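# An overview of the molecular structure
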Amino acid sequence: MASEDVKRSESAAVSTIVNLAEEAKLAREGVKAPSYAVLSICKSLFAGGVAGGVSRTAVAPLERMKILLQVQNPHNIKYSGTVQGLKYIWRTEGLRGLFKGNGTNCARIVPNSAVKFFSYEQASKGILYMYRQQTGNENAQLTPVLRLGAGATAGIIAMSATYPMDMVRGRLTVQTANSPYQYRGIAHALSTVLREEGPRALYRGWLPSVIGVVPYVGLNFAVYESLKDWLVKDNPFGLVENNELTIITRLSCGAIAGTVGQTIAYPLDVIRRRMQMVGWKDASSVVTGEGRSKGSLEYNGMVDAFRKTVRHEGFGALYKGLVPNSVKVVPSIAIAFVTYEMVKDVLGVEFRISD
C-alpha cells in the first residue's frame, strides 16, 4: 500500500511538472489568456456583422429587384428587366419601396455574416493544422482547394443558423403596394408561418440553399484569398505598396470572387426562392400584384422544382434576375470583404483570414 501511495504521489508530481512546462511553453509562444480570446472572438463577430450590414444595405434595391424577377408569375409579367423594374417600384412605392425588406434582410445578414467570417477563420485554422500534420510541413499554407473547403464549411454553418430569417425575408421582400399584405413584419411573418404552415416551413428550400452555398461562399473565400496571395507574392501588375494591397485592389479581388461564385450557384438560389413560396396561399397574387393567371407554386422537392421550372419556363428561368444579382454581387461581396478587414484593423484584431 505504501509503495502504491508513493507511486501515485510521484505520478502526480510528474503531471504537475509537465503541466507547468506546457504552460511556460504556451507563454513563450505568446498564447493569449482566455479573456483576451473571448474579446478577440467578439471583435471578429462584430466586424463580420458590420461588414454584412453595410454591404447589404448598399445594394438593397437590387436585392429586392432580383427576388421579384426570380419569383414573378410567367403568365403575367410585371417586371421585364432590372431598370424597368426599379423605375416601376420607384413610381408606385417610392424610396421606401426600394428598401422594402432590408430591415429583415439586415436582421438576417448581420448574424449570418458574423458567423460566416468567424467560422471561416476557425475552419481555416483547423484545416491548416490538419494539413500541416498530414504533410509534416510546419510552414505549409492553405491551398485554393483547402480555402474552398473552409469557405464551404463556413457557408453551411452560417446558412443553417440563420435560414428561418432568410425564409421570412424572401416573403416580405416580394410584397408590393398592390398586394394583400399578409405579413406586417418579421415577428408577424414568423408567427404566421409557424401557425399556418408549421415549423418545417421555416426551413423549406434549405437543401438547395446549402448545396448552393458550398460553391458560392466557398468560391468567394477561395478566389478572394488566392487572388490576394498571388498579387502580393508575384506583384504582376505593380499593385503592392509596402507589402499591402490598396483598397481598390482588394475591392476588385472581392468583385471577381463574388462574380465567379454567384454565377455558378445562381440556379440553386432561384429554386430556393420558389420553394420558399410553397404553402403561402397568397404567393401568386403577391408576385403578380393582382392575382390573375396564377401559376403553380407546388413542388415536391428540389428536383421537382428544377424539373417544373425548366419544363414550363425554359432553362433561362434558372437565371431570372441574374443581371441585378450580378450588379449587386460585385459591390456587395467586395464591400463585405474590405469592410471586414478594415473594421478588424480598427479594432486591433491581429488575425487575418489570409493567415
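Because the structure is predicted, anything quoted here is derived from the model rather than measured. (Residues numbered from 1 in each chain as written. Predicted model: local features only at pLDDT ≥ 70, side-chain atom pairs only at ≥ 80, totals over all residues. Heavy atoms only, no water.)

### A word on the overall build of the protein chain
The helix and strand inventory of the protein chain stands at 12 helices and 2 strands. Each helix and strand of the protein chain, ordered N terminal to C terminal, gives the series α-α-α-α-α-α-α-α-β-β-α-α-α-α. In the protein chain, which comprises 355 residues, the share counted as buried stands at 49%. Here the contacts in the protein chain between residues at least 6 apart in sequence split such that 77% fall between residues at least 24 apart. When the accessible surface of the protein chain is summed, it comes to about 17200 Å², and 63% of that surface belongs to carbon and sulfur atoms. (Helix = DSSP H or I, 4+ residues; strand = E, 2+ residues; numbered from the N terminus. Buried < 20%, exposed > 50% of the residue type's maximum accessible area, 1.4 Å probe, protein only. Contact = heavy atoms within 4.5 Å. Areas by Shrake-Rupley, 256 points an atom, 1.4 Å probe, with all protein chains shown as cover.)

### A closer look at the environment of Leu245
On the secondary structure map, Leu245 appears in strand S2 (residues 244-245). Looking at Leu245, the relative accessible area reads 8%, which means it is buried. Taking the C-alpha atoms as reference points, Leu245 and Asn235, 10 residues apart in sequence, are found 9.7 Å from one another. Among all residues touching Leu245, those that are not within four sequence positions of it are Lys228, Leu231, Val232, Leu239, Val240 and Arg250.

### A short note on a nonpolar patch on the surface
A contiguous nonpolar patch, built from Tyr203, Trp206, Leu207 and Ile211 and spanning about 350 Å² of accessible area, is present on the exposed surface. In this fold, Trp206 is placed in helix H8 (residues 206-234). On the basis of relative accessible area, Trp206 is assigned to the partly exposed category, the value being 32%. (Patch = residues over 30% accessible without salt bridge, like charges linked within 9 Å, V, L, I, M, F, W, Y side chains within 5 Å. Salt bridge = Lys/Arg side-chain N within 4 Å of Asp/Glu carboxyl O.)

### So, unusual backbone geometry
Trans is the prevailing form of peptide bonds, just as negative phi is the prevailing case for residues other than glycine. One non-glycine residue, Asn235, adopts positive backbone phi at about 45°. By secondary structure assignment, the location of Asn235 is in the loop between H8 and strand S1 (240-241). The partly exposed category is assigned to Asn235, whose relative accessible area is 31%.

### Details of the packing of aromatic side chains
Scanning all chains against the criterion turns up 11 aromatic pairs. Seen from their ring centres, Tyr224 and Phe337 are 4.0 Å apart, and the 10° between their planes marks the pair as stacked. Taken together, the residues Tyr224 in helix H8 and Phe337 in helix H12 (residues 322-347) connect sequence positions 113 residues apart. Given a relative accessible area of 0%, Tyr224 falls into the buried group. Residue classification places Phe337 among the buried positions, given a relative accessible area of 4%. In textbook terms, an aromatic cluster arises when at least three aromatic residues are bridged by ring pairs, as seen for Phe117, Tyr120, Phe221, Tyr224, Phe337 and Tyr340. (Phe/Tyr/Trp six-rings, centres within 6.5 Å; stacked < 30°, edge-to-face > 60°.)

### Considering empty space enclosed by the protein
In this approach a probe as big as a water molecule rolls over the atoms, and the regions it shows empty are the leftover space. Applying the stated rule across the entire model yields 4 cavities of 30 Å³ or more. Of the pockets and cavities examined, the largest cavity occupies roughly 500 Å³. The wall of the largest cavity is formed by 35 residues, among which Arg56, Arg108, Met159, Tyr216 and Arg272 lie closest to the centre. For the lining of the largest cavity, the class distribution of residues is 14 nonpolar, 10 polar and 11 charged. (1 Å grid on protein atoms, 1.4 Å probe; cavity = no way out; pocket = protein on both sides within 12 Å on 5 of 7 lines; lining within 4 Å. Points joined across faces, edges and corners; volume = space filled by probe spheres on them. Nonpolar A, V, L, I, M, F, W, Y, C, P; charged D, E, K, R; others polar.)

### Describing the side chain of Glu93
Note that Glu93 resides in helix H4 (residues 82-98). Relative accessible area serves as the criterion here: at 16%, Glu93 is assigned to the buried category. A polar side-chain atom of Glu93 sits 2.7 Å from a polar atom in the side chain of Lys100. (Polar contact = N/O pair within 3.5 Å; in protein donor to acceptor, adjacent residues only side chain to side chain.)

### As for the packing of helix H6 (residues 144-173) against helix H7 (residues 186-197)
Running from N to C, H6 and H7 cross one another at 100°; their axes reach a closest spacing of 10 Å. Classified by the interaxial angle, the pair formed by H6 and H7 is roughly perpendicular. Residues Pro164, Met165, Val168, Arg171 and Leu172 of H6 touch H7, and the partners they reach there are Ile186, Ala189, Leu190, Val193 and Glu197. Considered class by class, the residues forming the contact of H6 with H7 number 8 nonpolar, no polar and 2 charged. (Axes fitted to C-alpha atoms, helices over the stretch in contact; angles between N-to-C directions. Parallel < 35°, antiparallel > 145°, perpendicular 65-115°, else oblique.)

### As for the nonpolar core
By size, the foremost hydrophobic cluster in this structure holds 33 residues, and its most contacted members are Phe117, Phe221, Tyr224 and Phe337. Sequence-distant contacts of Phe117, defined by excluding residues within four places in its chain, comprise Gly48, Ala51, Phe221, Ala336, Phe337 and Tyr340. Counting residues in each nonpolar core, the second largest holds 11 residues, with Val71, Leu98, Val174 and Met277 among its members. (Core = buried A, V, L, I, M, F, W, Y, C linked by side-chain atoms within 4.5 Å.)

### Focus on H7
Its 12 residues place the ends of H7 16 Å apart at the C-alpha level, agreeing with the 16 Å of an ideal helix rising 1.5 Å per residue. Those residues of H7 lying buried are His188, Ala189, Thr192, Val193 and Glu197. The arc enclosing the buried residues of H7, seen along the axis, measures out at 125°, which places them on a common side. Seen from the buried face of H7, the exposed residues on the opposite side, beyond 90 degrees, are Ala187 and Arg195. Where H7 is buried, its residues meet H6. Immediately downstream of H7, the backbone of Gly198 shows phi near 90°, a positive value. (Expected span 1.5 Å × (residues − 1). Arc of directions from axis to C-beta.)

Shape is all these values report; function is a separate question.
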